[in-house]
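# Structure at a glance
The lines below spell out each chain.
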Amino acid sequence: RAQTDVGIHVHSYEEKPLSLLNSHSTCKMYLTAKTRTQKVVCEEQHIFRPFSAGYKNTSGAITTTRQVLELQSIKTTDPEPVAIEEFRSVSLKYAHSTPVSNEDAIINAYYLVSRLTQQSRTSTKPDSAQHFSELVFSIRKLNTPAMEKLWQKVHQEEDEKMHEYLYDALPHCGTGGCAKVMSYAIREKLVSHERGNMFLAGLAMASNPTKETIEHVLELCEENPGRTAMLTLGTLIHKVCESNPRECDEKEEGSPITKAESFFKSRLGFACEGTTPEDFENMLITLKAIGNAGRPASAEHVLLRCALNLDAPVNMSIAALEALRRLPCNNHTTEQLLKIYGEHDLDVEIRIAGYLALMKCPSPSVFKQVAKILNDEVNNQVGSFVWSHMTNAMDSTEPVHGLPQAEMMKDALNGMKLREFNLNRLKFSRAWEGSFYSDVLRFGGSAQSHIIFHPSSFFPRSAMLNLTVDVLGASINVLETAARFEGVEILIEQFFGDEGYFPDDRIMKMFNLKPYEERDKEERTVNKVLRRQRSLSIEEDINRVENHLHKLHRTMDNRMHHPSGALSVKMFGNEIRLASFNDISWLNDEIDKVNVIDFLLLMAKGGKKTFSKSMMFLDAQTTVPTILGLPLKLSAKGTTVASVELAGKFDIRNMFWGKMKFDIRGHVKPSAVVDISGRMGVSAVHAEAGILVNSSVYTVTQIKGNATYSQGELLKFEVGVPEEPMQFFNFSSSLFTTLNDEKQAIEGTPRRLEPSPCLNMTRLLGLRFCGQLSLPIGYRDLHSPFYPLSGPASYSISMQRTDPKLTKYQLLAERLSTEDENRYDVIATMSTPGATWERNFDTNVTLWLKEDGKLF
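So, here's what we can say about the structure. The model shown is predicted, which means the values in this text are computed figures rather than measured ones. (Residues numbered from 1 in each chain as written. Predicted model: local features only at pLDDT ≥ 70, side-chain atom pairs only at ≥ 80, totals over all residues. Heavy atoms only, no water.)

### Some details on the pairing of strand β13 (residues 631–651)
Rule in force here: Whether two strands pair comes down to DSSP finding at least two bridges between them. Runs of E in the DSSP output that reach at least two residues are strands. Runs of H or I that reach at least four are helices, and both are numbered from the N terminus.
In terms of strand pairing, strand β12 (residues 607–625) meets β13 through 18 bridges, oriented antiparallel. Paired with Thr610 across the strands is Glu645, a residue of β13. Between the end of β12 and the start of β13, which pair antiparallel, lie five residues, with Gly629 showing a positive phi angle near 90°. Here β13 pairs with strand β14 (residues 661–683) via 20 bridges, running antiparallel. Bridged to Ser635 within β14 is Arg679.

The following block contains the structure:
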């Protein structure tokens, strides 16, 4: 009956997975002598599992409800018939309410944006993160028309800071209204390309996306199918269909999900045929989007045909096999994957990708056939990878996939020993897995990595790293990153070849690389042999030799004339970003367009700019209906706001012509706050009571100064000293009982550790550094919960000026003239001009250079 929203994909391996509560309820029924029910007493207790403790009695965050139903009187009445039309069928599942927006909600959201803008204009404040969190939750209450009104109202203001805070909040909203305004902003190019990608990546992390959200993203993909938009569309489809599978399985005409599935299939064609690199790029993104969505199931045949399309790039065949990861397993798919893995003439990477796809559909018969193919393996790269992968899999303790698969594999092999391919790790493909799990802590984790070599290259062709966390009965795939690069030899030749930037034959020989001309000559020789066969042999032999050479060329000599590569990132099981090697080429073209003279003039002119970024990195909520009919809500949210204020000028124009001179002045003021809060409370519509735990980390620093130099004069550095105390680090954690908007602090355990050491450096630097710690000591109390529920805590490190007239530190450096050109005499002086106590530090440094230019 509970509803949990965490915004991430989890695999459950317990009956009640990812439950933060330990709940139990009891009911006692009292009967009269005539066996009538006199009274019913029901009690329900919900214990927040993390940080709870207690020796005999549980302590921590606990909610207890008690309901008493007592018979007062008995009244007999005549039965009244009720028409069947007055009844309607409803689900037994608890109906969780959804907020309804109105004009007041729009005004409140606008007020929150304005308040955040005004309070954090120059630097981040300690409560900025809480205010940003309030903004996110306020715009979630807005429906689509209300969200459009707020968008227009904010954009009527010319304050760029206000726009930035709204832009930062939109990706964490996740509603259809937010999706519509973000889609509109991207299509109309009201935001930058990177900001648009952030919009879409934020939508992919939404906990409860709707069909309306999918519809708006689909419209954007149909108009401009970019990488992030396509990946986000696939992720949204998976989330909606995972929470409501019946709605997705029913093919409704006009449904956004049905339209999106048809859109995916139309972009692949029959077998991913293409003629240009752009065609294959578009199909590659579509394959990855299908991998995120896990739909449509009817795309299985197309994906297998794409994997076997030898005219397509290898990376696209790999993507087609990886796209099967969330599709349901069946006999046809298993048979085809076994054929791909067992086909010795296929590319090494395709065979390994087929094997990994096969491991997503484990069964005893599959393991037996894989072991049989491994025993007859002729390719050391494939054999080394499969042997190492199966060997690690049989030792896995990962509870979701690893442990069940390990037991199934051992039973299937029944003591059969795998053919060993324990080859050189630096030359042959390898799979590695490490995992642990504690039954006592109910916590564990695993890490998997793959590195794949290709017979035609000395360098690894691809690599993968996967990190998974197992907690509270659920497995969370936190991060997976994969990289594939082809053509490293070409890059090395461009740098160290005969015509490279740094010609060096030793580098080419070290990697046993031949210049491109020799490789191209070998290819032409193969073609001459082919033509000679045509003139000397009969037609049947010509066809046989030609087919064999073409097949051998595709299999072993698939070198590219240009380097290519890609980097992909998956978070919580969904691919969110894909970067290509071609992006670097685009960046080089953009850099070539920069006018260096104009850039230097702009830097010399100077100015002031503030950069800020706000985000919500944690958003989880669980709602449990209690026996009273009132919902018990548990929520955890984490937000961060950071800003950097820059001001000054950077004049280095005379470093390149005329008398050498530069003048650099400015200040940098970074500040950031991270706020994490957890709440447990019962909501009664007009009243809400509960417990609140709030922790925050705040830092603000500032440095200002200047550096000037003119040829023949002193080199001068000046660093300013702040007048106000500077908080390098400030951490605080507090507990409260809450009633509506009122909070009352909880003191916690009386025993505390509270040192406050200081390092006084007044005479040396005119400064004092202090630390402060306040920590509850509850580990000796058997009835005390664990920290942070044991009481408030704080820790801080600060710096304070103790010399009231100290304003700056000055460093002067001068090179003395010498008769020896290879000798450098430098005198440096550091002082505090204008301070109460004048400080001077002098140093003399002498350097000699050898004739070969090296330091003596």
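### Describing the environment of Ile340
Put simply, the rule is: The contact criterion used throughout is that any non-hydrogen atoms of two residues lie within 4.5 Å.
Mapping Ile340 onto the fold places it in helix α14 (residues 331–342). Through-space distance from the C-alpha of Ile340 to that of Gly354 is 5.9 Å; in sequence the pair is 14 residues apart. Once you skip the residues sitting within four places of it in the chain, Ile340 turns out to touch Ala307, Leu308, Leu321, Leu346, Ile350, Arg351 and Gly354.

### Re a nonpolar patch on the surface
Using the following cut-off: Patch membership requires more than 30% relative accessible area and the absence of a salt bridge. Residues of like charge join within 9 Å; the nonpolar side chains Val, Leu, Ile, Met, Phe, Trp and Tyr join within 5 Å. In this description, accessible areas are obtained by the Shrake-Rupley approach with a 1.4 Å probe, and a residue is regarded as covered only by the protein chains that are shown. A pairing counts as a salt bridge when a side-chain nitrogen of Lys or Arg comes within 4 Å of a carboxyl oxygen of Asp or Glu.
Nonpolar side chains collect at one region of the surface, where Phe611, Val644, Leu646, Val668, Ile703 and Val719 lie side by side and expose about 440 Å² of accessible area between them. Within the fold, Leu646 resides in strand β13.

### Details of the state of the cysteines
What counts, and what does not: Two cysteine sulfurs form what is called a disulfide whenever their separation falls within 2.5 Å. Note on exposure labels: buried denotes an accessible area under 20% of the residue type's maximum, exposed denotes more than 50%, and partly exposed covers the range between, all computed with a 1.4 Å probe on protein chains only.
Going through the model one piece at a time under the given rule, you end up with six disulfides. Across the disulfide, Cys272 is cross-linked to Cys306 (sulfur-sulfur distance 1.9 Å). Disulfide Cys272-Cys306: the torsion about the S-S bond is 80°, which places it as right-handed. Within this pair, whereas Cys272 is found in the loop between α10 (256–268) and α11 (277–293), its partner Cys306 is found in helix α12 (residues 300–307), the two being separated by 34 residues in sequence. The class of Cys272 is buried, set by a relative accessible area of 0%. By relative accessible area, Cys306 is classed as buried at 0%. Between Cys329 and Cys361 runs a disulfide, and the two sulfur atoms are separated by 1.9 Å. Where Cys329 bonds to Cys361 through sulfur, the torsion about that S-S bond is close to -80°, and the disulfide is left-handed. Of the two residues, Cys329 is situated in the loop between α13 (314–322) and α14 and Cys361 in the loop between α15 (348–358) and α16 (364–375); the sequence distance between them amounts to 32 residues. Residue classification places Cys329 among the partly exposed residues on the basis of a relative accessible area of 44%. For the protein chain, the bonded cysteines connect in the pattern 1-2, 3-4, 5-6, 7-8, 9-10, 11-12 when numbered consecutively along the sequence.

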